Every structure is written in structure tokens, then in C-alpha cells.
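Inside the fold
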Amino acid sequence: MTVESALRQGFKLLEDAGIPAPRLTAEVLLCHALQRERSYLYSHPEAELNDNAWLHYGRYLHERLQGKPTQYITKKQEFYGREFRVTPDVLIPRPETEHVVETALRLAPRARRVLDVGCGSGAIAVTLQLEMGATVFATDISEAAVRVARGNAEALQAQVWFAVCDVAEGLAEARLDLLVSNPPYIPRGEEAGLQREIREFEPHTALFPGPTGLEIYERLVADAPRLLSPGGWIVMEIGYRQEEGVRSLLRRGPWQDVETIHDLAGLPRVIAGRCGAVT
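Residues numbered from 1 in each chain as written. Predicted model: local features only at pLDDT ≥ 70, side-chain atom pairs only at ≥ 80, totals over all residues. Heavy atoms only, no water.

**Details of the state of the cysteines**
Scanning the entire structure with this criterion turns up 0 disulfides. Cys165 supplies the cysteine sulfur nearest to Cys119, a cysteine that is in no disulfide, at a spacing of 9.4 Å. (Disulfide = S-S within 2.5 Å.)

Written as C-alpha cells, this is what we have:
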């Protein structure tokens with residue numbers, strides 16, 4: 001079996017099964033089996049796969065055909081130009097979440113103390129620490145997720161302090177300049193309509209906060225003034241139908257300069273607000 005024929009067969013299997021981006025997926029899985037860069041596939045199409053590579057490639061294809069996301073097979077995902085390790089204990093970082101990082105860098109470029117609530121793989125926390133050079137803290141309710149995030153921080157040489165806790169419970173007043181979060185926000189009633197890859201493989205604690213999808217926002221917005229210095233920013237990813245619900249929460253507190261950031265599809269993706277003086 002040559003590289004060219006393996007790629008062709010993998011593409012056909014994935015295409016017939018209706019897997020999105022079958023060509024790219026076959027390339028990624030074959031590269032992972034060969035432990036080679038993508039350029040190798042086209043510079044050495046006649047190269048023979050050894051038995052070990054062929055067995056691994058077949059297993060990876062089978063896992064993808066069963067719905068397992070490619071990132072959980074390869075155990076890696078790029079975010080903001082860096083490679084992060086991902087496991088089924090954490091959500092797969094999405095390109096849309098980079099809007100959280102971009103918004104934080106724009107609104108609070110001189111932030112020195114930062115907290116990421118619900119850090120998952122650590123993609124946001126690690127990225128902000130490396131981009132800002134700030135002191136960054138990160139929390140997650142999942143001890144397994146924190147282990148993944150800590151590993152990513154160590155691999156990328158980011159100085160991030162991690163804690164296992166529910167939202168920000170147990171954290172003392174921190175005088176933060178910036179609080180960021182990509183919290184669970186999918187209403188439980190929408191579970192059946194999700195893609196199989198998400199519904200069956202990604203961690204439900206990181207997807208579903210409760211019936212409305214606003215449960216974590218309610219807690220974050222209420223607690224953030226205790227943690228932020230006056231003038232500090234809160235920056236949160238939101239679901240595309242949650243802008244008004246989250247804005248209504250921000251109207252109840254000392255929040256100023258509230259703005260919504262839309263993604264490349266024109267959907268509301270991030271909401272941010274500046275903390276005024278707490279009365």
C-alpha cells in the first residue's frame with residue numbers, strides 16, 4: 001500500500017460516509033499514522049506504508065467513521081498559531097474562540113492580572129499569558145481538564161496558575177484587570193440537535209450548564225465585580241442566540257462600555273463590558 005493509494009482509499013471511505021472535509025481528514029489521519037508533515041504525502045506518493053503505519057491509519061479511519069472527532073484521534077488542535085494537546089476531557093478549541101483572545105488584547109492590552117474561568121484545554125489562558133506577559137490564573141471544575149491545561153502550559157512555556165473549582169468559587173478578591181471565559185452555554189434541550197461529534201464525544205459539563213444556557217453567565221456576571229478592579233474588563237464567548245440574555249445580566253451590575261463582537265459569519269460571538277465602581 002503506497003501513500004497515494006492509502007490516501008485515495010481513506011478519502012473514498014470518508015466521503016461515502018458523509019464525513020465533512022473527507023480529503024483533508026484523510027490527509028491529517030495519514031500524516032498522524034506516518035508521523036510526517038502533510039507535504040510528505042505529495043512529495044513521496046509512491047512510498048510504501050509499513051505494517052505499523054497501515055494498522056494505525058486503519059484504526060484512525062475507523063474511529064473517525066464512528067464519529068470520533070479528528071482532534072481527539074490526533075490529540076492536537078491549533079489555536080492562535082500554537083499547537084495544543086486535546087483529549088476527550090476538554091472541548092476542542094474552535095477558531096471562533098480566538099475572538100475572545102483578540103477582544104481581550106484590544107480592550108485590555110496592559111492587563112497584568114488575568115483570570116480564565118472554565119479553562120478547558122488552557123487555550124485562552126496560555127495564549128493570553130504568552131501574548132501579554134501577564135500573571136494569568138485559570139480555573140475549571142474538571143480536574144482532568146486542568147491536568148490537560150497544565151500540560152499545555154508547560155509544553156508552551158506559559159506561566160499560568162491553575163485551580164480546580166466551580167466557576168470562581170473559593171477565589172479571594174483578586175483585583176483582576178481582565179476576566180475571560182468560554183463557559184458552557186448550550187441549553188440542555190438542544191442536545192439532540194447537535195452534531196454527533198459534539199453530542200457523543202465532547203464533555204457535557206463543558207457544553208450544557210442547564211435548561212436556559214445562561215446559568216454560568218448569571219454566576220459570572222454576578223461575581224465578577226468582586227474579582228475585578230474598577231475599570232477591569234469581562235470578556236465572554238456567547239452562543240449566537242444569547243446576546244440579549246447576557247446583555248440583560250450586565251444591565252443589572254456596574255457594567256459600562258458593553259459591546260458585542262461578531263464572528264466572520266456575522267453572528268454575535270463575544271460580549272465584553274468594563275466594570276465600574278461597585279456601590
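**Comments concerning the side chain of Gln242**
With respect to the helices and strands, the residue Gln242 is situated in the loop between strand E7 (228–237) and helix H11 (243–251). By relative accessible area, which is 7% here, Gln242 ends up buried. The contact partners of Gln242, leaving out residues within four places of it in the chain, are Tyr185, Thr212, Gly213, Leu214 and Tyr217. (Helix = DSSP H or I, 4+ residues; strand = E, 2+ residues; numbered from the N terminus. Buried < 20%, exposed > 50% of the residue type's maximum accessible area, 1.4 Å probe, protein only. Contact = heavy atoms within 4.5 Å.)

**A few points about the packing of aromatic side chains**
Enumeration according to the criterion identifies 2 aromatic pairs in this entry. Pairing Trp54 with Tyr57 gives two aromatic rings, centres 6.2 Å apart and planes at 50 degrees, and the pair type is tilted. You can see Trp54 and its partner Tyr57 sitting in helix H4 (residues 51–65), 3 residues apart, about one turn around the helix. Residues Phe79 and Phe84 carry aromatic rings whose centres are separated by 6.2 Å and whose planes lie at 85 degrees to one another, so their mutual orientation is edge-to-face. Phe84 carries the same exposure label as Phe79, and that label is buried. For the cation-ring pair, Arg36 lies above Tyr40, with the distance from its terminal atom to the ring centre recorded as 4.3 Å. (Phe/Tyr/Trp six-rings, centres within 6.5 Å; stacked < 30°, edge-to-face > 60°. Lys NZ or Arg CZ within 6 Å of the ring centre and 35° of its normal.)

**Examining the sheet that holds E7**
One open sheet accounts for 7 strands, arranged E5-E4-E3-E6-E7-E9-E8; its pairing is mixed. The outermost strands of the open sheet, each flanked by one partner alone, are strand E5 (160–164) and strand E8 (255–262). On average, each strand axis in the sheet is inclined to that of its neighbour by 15 degrees, with strand direction left out of account. Bridge count between strand E3 (residues 113–117) and strand E4 (residues 135–140): 5 bridges; the pairing is parallel. Residue pairing in the sheet places Leu115 in a bridge with Phe137 of E4. (Pairing = 2+ DSSP bridges. Axes fitted to C-alpha atoms, helices over the stretch in contact; angles between N-to-C directions.)

**Re the pattern of salt bridges**
In this structure the tally under the stated criterion is 22 salt bridges. Arg219 is paired through a salt bridge with Asp166; the nearest N and O atoms lie 3.3 Å apart. Taken as a pair, Arg219 in helix H10 (residues 215–227) and Asp166 in the loop between E5 and strand E6 (176–181) lie far apart in primary sequence, 53 residues in all. A residue is classified by how much of its surface remains accessible, and Arg219, at 30% relative accessible area, is partly exposed. (Salt bridge = Lys/Arg side-chain N within 4 Å of Asp/Glu carboxyl O.)

**Here's the deal with the packing of H10 against H11**
Where H10 meets H11, the axes come as close as 10 Å, and the angle between the chain directions of the two elements is 25 degrees. Considered as vectors, H10 and H11 are oriented roughly parallel to each other. For the crossing formed where H10 meets H11, the hand is right-handed. On H11, the residues that touch Tyr217, Glu218 and Val221 of H10 are Val246, Leu249 and Leu250. Grouping the amino acids of the contact of H10 with H11 by side-chain chemistry returns 5 nonpolar, no polar and 1 charged. (Parallel < 35°, antiparallel > 145°, perpendicular 65-115°, else oblique. Left-handed = near helix turned anticlockwise from the far one by under 90°. Nonpolar A, V, L, I, M, F, W, Y, C, P; charged D, E, K, R; others polar.)

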